[in-house]
Amino acid sequence: MALSVVGSVWFLYLFLERLYGKWPAWVGSILWAYFPYRLLALYVTGSVGVVMSLFWVPLALYAIQRWKLPLFSISLTGLILSHNVSALMFLPAIILISLVLNWGSKKKILKIIWAVLLGVTMSGFFVIPALMEKWMVRLDPPAVNYLDHFPTFKQLVYSPWGYWYSEKGTNDGLSFQVGMAIWSTFLLGLASLIYKDKKNYLLAFLVTIFGLTIFLMTESSTSIWKLLPLLQQTQFPWRLLAVTGLAGSLVAGITTKRWKWLGIPLVVLALFNSRNY
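Everything in this summary refers to the structure shown in the same document. (Residues numbered from 1 in each chain as written. Predicted model: local features only at pLDDT ≥ 70, side-chain atom pairs only at ≥ 80, totals over all residues. Heavy atoms only, no water.)

Right, let's get into the side chain of R239. Along the chain, R239 falls in the loop between helix 13 (229-232) and helix 14 (241-258). What makes R239 buried here is its relative accessible area of 15%. With near-sequence residues (within four places) excluded, R239 lies in contact with Y37, V85, M89 and T234. (Helix = DSSP H or I, 4+ residues; strand = E, 2+ residues; numbered from the N terminus. Buried < 20%, exposed > 50% of the residue type's maximum accessible area, 1.4 Å probe, protein only. Contact = heavy atoms within 4.5 Å.)

With that out of the way, let us pick up unusual backbone geometry. Residues other than glycine seldom take positive phi values, yet W67 does so here, at roughly 60°. Here W67 shows up in the loop between helix 4 (48-65) and helix 5 (69-82). Residue classification places W67 among the partly exposed positions, given a relative accessible area of 28%. The backbone of Q235 sits at a positive phi, close to 70°, despite the residue not being glycine.

Within the element layout of this structure, T234 appears in the loop between helix 13 and helix 14. Of the residues examined, T234 reaches a relative accessible area of 2% and is grouped as buried. Polar contacts involving the side chain of T234 include one to the main-chain carbonyl oxygen of L231, which spans 2.8 Å. Filtering out sequence-adjacent residues up to four positions away, T234 remains in contact with V85, L88, M89, W225 and R239. (Polar contact = N/O pair within 3.5 Å; in protein donor to acceptor, adjacent residues only side chain to side chain.)

Let's shift gears to helix 11 (residues 201-216). Between its first and last C-alpha, helix 11 extends 22 Å over 16 residues, near the 22 Å set by a 1.5 Å rise per residue. Of the positions making up helix 11, those classed as buried are L202, L203, F205, L206, V207, I209, F210, T213, I214 and L216. (Expected span 1.5 Å × (residues − 1).)

The subject of this paragraph is a nonpolar patch on the surface. Where nonpolar side chains cluster on the molecular surface, the patch consists of L212, F215, I224, L227 and L228 and spans about 450 Å² of accessible area. Within the residue set of the nonpolar patch, elements represented by two or more residues are helix 11 and helix 12 (222-227). Mapped onto the elements, F215 comes out in helix 11. (Patch = residues over 30% accessible without salt bridge, like charges linked within 9 Å, V, L, I, M, F, W, Y side chains within 5 Å. Areas by Shrake-Rupley, 256 points an atom, 1.4 Å probe, with all protein chains shown as cover. Salt bridge = Lys/Arg side-chain N within 4 Å of Asp/Glu carboxyl O.)

Turning to the nonpolar core, a few remarks are in order. Core analysis: the largest hydrophobic core is formed by 87 residues, its most contacted members being F72, F90, I94, L206 and L250. No other element matches helix 4, which puts 12 residues into this core. Not counting residues within four places of it along the chain, the set of residues in contact with L250 comprises L12, F15, L16, L61, I97 and L206. (Core = buried A, V, L, I, M, F, W, Y, C linked by side-chain atoms within 4.5 Å.)

Laid out in structure tokens, this is it:
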């Protein structure tokens, strides 16, 4: 697990360095290392699958940026095999980021599609039996009702560290906070889009993903969850914190490229926010 954490941070650094330089890459990777959901998975829920999935995601981004399509396919396979729910959340984001980075080249887009299909196919020995034999597992009534586990917006801004369970209502024994540094990157990214980088499509996409995942984690999105059975398979809406953390860390790299002096306050916020972890 230690190697997966180090590798996860390192590959996000390499991804950001190629795009924006060393300092933005350091800032983004530090935020990615210390974002609360990773620490929650490491020290509270003890989810090895989630921790491993956070390694494959930046490796996939690194691979598509370097145009190493075999490695990209292997990364997607590793993500699916590590944690089904994380794959369900991350795959759309990875694919769309890959398309945004290579937009304008039909040839590259077609190759990305083939690489995605190959990655999914290589995990077929696991996915196909799981789907075909699903009827043999009793899932009704479900062990977890997703409707009982929407965090409040206040909990997403701040909720105290704890070592208990996610409970119905607001008496949860663990933290669902996004993190002050990650929240700050969202506001900076939004400001940058409005005043400076109106044509930065990657930034626009990441800010949109951030806002969308925040909305989907709140009870206001209940109607959308009821319409999408596949989304219900995540069981806990707050698991989308993983995607929020990725989007925020990447936005940190983009905004620090423009405003280098913001890097230090963001890093300080990230470290301060994780002091109890």
